[in-house]
Amino acid sequence: MREFFLTVFIIYTALFGFFACVFNYQLKPIQTDATGEVVFIVEKGQGFQEISDNLARAGLIRSKSSFKLYLLMRGWADKLQPGSYHFGLNFSSQQIARILVEDSLEEVSVTIPEGWTLSMVDERLKEEGVLVSGSLASLKVKDFSDENSNEYFEFLNTSLPEASLEGFIFPDTYRFYKNISARAVAKKFLSNFEKKFSREMESQMQKRGLNFQKTVILASLVESEIPHDADRPKVAGILVKRLAKDMPLQLDATIIYIKCEINKASNCRKITSSDFKIKSAYNTYLNRGLPVGPISNPGLGALKAVLYPENSPYLFYLSDPATGNTIFSKTLEEHNSNKERYL
């Protein structure tokens, strides 16, 4: 009997030693001699199992099962901190675990004003250290069109796959970790758009025969043209009326967008008579109907103005440069008179 227990003890000791060796091996770096690094993001609310799975997917750990077991053994499973991390490809699982517990990065607060373009948002995010490389402008609608992904946004379906995210970067104050991917940043913007565009607004959009793309294009025009919220529903009504009459919209804001954002011209906000002849799908002087895409990222006020436009007898308007107030006209003759007076 003593020999039996001794045999069992030896077997269990050998098995324990074997599994301990395997366990320790699986905690070692995947690439001991590697010199590169990977930026790894832990979002708020992610548990240790999801984080372990993401680390394995990123090629940073040999075994997610061993990593999870190590966290449980150390009592660290509930202590992993959200943040943006730089992990060397030669880091062991133990090093990664310790960093996740002890070295989280602080968030940065970033405010995106209404009416900013993608390039302006990119510039602000780079200034704040959120985007060290990559840009929102490089992303396309098709990057968020996989229905099986957690980065899928149904409201983008009415936009062309190759379209940019212009118009859907919802203006607001955000908290970001530094040096994260443009894709992760875009996901946060798009999630906020999805949240702020209520079901009531979506229902009203459908009643008006619009889709998300047309709504955002119209709202971007109103946002870029009109500085005061009080004037925006009336201007939205004028634009709807012009579209119904098959009139060119003739909006200076679209010319400025072409010059500043597409052509990157110097002194791009100054418009000359020759600018109205620029060949572009955004030129609302040459082309009837809506421009091919949004010209800015509109806020809630401009979106609601488009969904709830105000009927009026007016067909023309201009902005008083001195006050920003909108001057409305019923006829072209009256409009030209106001141009002489205010411009």
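The structure this text deals with has already been given above.
Remember, predicted model here, so these are calculated numbers, not experimental data. (Residues numbered from 1 in each chain as written. Predicted model: local features only at pLDDT ≥ 70, side-chain atom pairs only at ≥ 80, totals over all residues. Heavy atoms only, no water.)

K.L.:
Please explain the pairing of strand β2 (residues 83-88) as it appears in this structure.
P.N.:
Residues in a regular strand project their side chains so that they alternate between the two faces of the sheet. Burial of β2 is extensive: 5 of the 6 residues sit out of reach of the surface. Across 6 bridges, strand β1 (residues 37-42) lies against β2 in antiparallel orientation. When the bridges of β2 are listed, Val38 appears paired with Phe87. (Buried < 20%, exposed > 50% of the residue type's maximum accessible area, 1.4 Å probe, protein only. Helix = DSSP H or I, 4+ residues; strand = E, 2+ residues; numbered from the N terminus. Pairing = 2+ DSSP bridges.)

K.L.:
How should I be thinking about the state of the cysteines in this particular structure?
P.N.:
By definition, a disulfide links the sulfur atoms of two cysteines through a covalent bond. For the coordinates displayed, the defined rule picks out 1 disulfide. Here Cys260 engages in a disulfide with Cys268; their sulfurs sit 2.0 Å apart. Note on the Cys260 and Cys268 pair: the S-S dihedral is about 100°, so by sign convention the disulfide is right-handed. One exposure class covers both Cys260 and Cys268, and it is buried. (Disulfide = S-S within 2.5 Å.)

K.L.:
What exactly am I supposed to notice about the nonpolar core here?
P.N.:
Soluble globular proteins tend to bury their nonpolar side chains together. Leu125, Leu136 and Phe189 are the most contacted members of the largest nonpolar core, which has 64 residues in total. Filtering out sequence-adjacent residues up to four positions away, Phe189 remains in contact with Ile112, Val121, Leu125, Leu136, Phe168, Ile169, Phe170, Tyr174 and Phe176. Residues Val42, Tyr85, Phe91 and Val101 belong to the second largest nonpolar core, which totals 23 residues. (Core = buried A, V, L, I, M, F, W, Y, C linked by side-chain atoms within 4.5 Å. Contact = heavy atoms within 4.5 Å.)

K.L.:
Is there a simple way to explain the pattern of salt bridges in this structure?
P.N.:
A pair can form between side chains of opposite charge whenever their charged atoms are brought close. Taken as a whole and judged by the stated rule, the model has 10 salt bridges. The shortest N-O distance in the salt bridge between Lys68 and Asp53 comes to 3.4 Å. Taken together, the residues span a long stretch of sequence, with Lys68 in helix α3 (residues 64-74) and Asp53 in helix α2 (residues 48-57) at a distance of 15 residues. In this structure Asp53 comes out as partly exposed when scored by relative accessible area, which is 24%. (Salt bridge = Lys/Arg side-chain N within 4 Å of Asp/Glu carboxyl O.)

K.L.:
When you look at the environment of Trp76 in this model, what are you seeing that I'm missing?
P.N.:
Among the structural elements, Trp76 can be located in the loop between α3 and β2. As a C-alpha pair, Trp76 and Arg208 span 132 residues in sequence and 54 Å in three-dimensional space. The residues touching Trp76, leaving out its near neighbours within four places in the chain, are Tyr70, Leu71, Ala97, Arg98 and Val101.

K.L.:
Help me understand a negative patch on the surface, please; the structure alone is not making it clear to me.
P.N.:
On the surface, a cluster of negative charge is made up of Asp146, Glu147, Glu154 and Glu194. Assignment of secondary structure puts Asp146 in the loop between α5 (118-127) and β4 (173-177). (Patch = residues over 30% accessible without salt bridge, like charges linked within 9 Å, V, L, I, M, F, W, Y side chains within 5 Å. Areas by Shrake-Rupley, 256 points an atom, 1.4 Å probe, with all protein chains shown as cover. Lys, Arg positive; Asp, Glu negative; His and termini not counted. Charge placed at Lys NZ, Arg CZ, Asp CG, Glu CD.)

K.L.:
How should I be thinking about the layout of surface pockets in this particular structure?
P.N.:
To find the voids left in a structure, one rolls a probe of water-molecule size over its atoms. Space inside the largest pocket adds up to approximately 1,000 Å³. Lining the largest pocket are 36 residues, with Glu225, Leu251, Asp252, Ala253 and Ile256 sitting closest to its centre. Every element with two or more residues in the lining of the largest pocket is listed here: α8 (212-225), α9 (232-244), α10 (252-262), β5 (316-319) and α12 (332-342). At 6 residues, the largest contribution of residues to the lining of the largest pocket is made by α10. Estimates place the volume of the second largest pocket at around 760 Å³. (1 Å grid on protein atoms, 1.4 Å probe; cavity = no way out; pocket = protein on both sides within 12 Å on 5 of 7 lines; lining within 4 Å. Points joined across faces, edges and corners; volume = space filled by probe spheres on them.)

K.L.:
Sorry, what's going on with the side chain of Asp231 here?
P.N.:
Among the structural elements, Asp231 can be located in the loop between α8 and α9. Buried and unpaired, Asp231 has Lys234 as its nearest opposite-charge partner, separated by 6.1 Å. When sequence neighbours within four positions are dropped, the list of residues in contact with Asp231 reads Ile226, Asn325, Thr326 and Phe328.

K.L.:
Teacher, can you tell me more about α2 here?
P.N.:
For an α-helix, 3.6 residues make a turn, and residues three or four places apart therefore share a direction. All of the buried residues along α2 are Phe48, Ile51, Ser52, Asn54 and Leu55. Down the axis, α2 shows its buried residues gathered within 165° of arc, on one side only. As for α2, its buried residues are in contact with β1, α3, β2 and α4 (93-102). A positive phi of about 75° marks Gly59, the residue just after α2. (Arc of directions from axis to C-beta.)

K.L.:
What should I look at first to understand the packing of α2 against α3 in this one?
P.N.:
The relative placement of two packed helices is expressed as an angle between their axes plus a distance between the axes. Look at α2 against α3: their axes get within 9 Å of each other, and the N-to-C directions meet at 140°. It follows from the interaxial angle that α2 and α3 lie oblique. In terms of crossing hand, the pair formed by α2 and α3 is right-handed. Together, Phe48, Gln49, Ser52, Asp53, Leu55 and Ala56 of α2 and Lys64, Phe67, Lys68, Leu71 and Leu72 of α3 make up the contact between the two elements. In terms of residue class, the contact of α2 with α3 is made up of 6 nonpolar, 2 polar and 3 charged. (Axes fitted to C-alpha atoms, helices over the stretch in contact; angles between N-to-C directions. Parallel < 35°, antiparallel > 145°, perpendicular 65-115°, else oblique. Left-handed = near helix turned anticlockwise from the far one by under 90°. Nonpolar A, V, L, I, M, F, W, Y, C, P; charged D, E, K, R; others polar.)

K.L.:
For this particular structure, what's the right way to read the packing of α8 against α9?
P.N.:
Orientation of α8 relative to α9, taken along the N-to-C sense of each, is 125°, at an axis distance of 10 Å. Judged by the inter-axis angle, α8 sits oblique to α9. When the axes of α8 and α9 are compared, the crossing they make is right-handed. Contact with α8, carried on its side by Leu218, Leu221, Val222 and Glu223, involves Arg232, Ala236, Leu239 and Leu243 of α9 and no other residues of that element. The class makeup of the residues in the contact of α8 with α9 is 6 nonpolar, no polar and 2 charged.

K.L.:
Sorry if this is basic, but what is going on with α10 here?
P.N.:
The element α10 is largely enclosed, with a buried count of 9 among its 11 residues. Three or more residues of α10 are buried, namely Ala253, Thr254, Ile255, Ile256, Tyr257, Ile258, Lys259, Cys260 and Glu261. Those residues of α10 that are buried are in contact with α5 and α8. Lys264 occupies a position one or two residues after α10 and carries a positive phi of about 55°.

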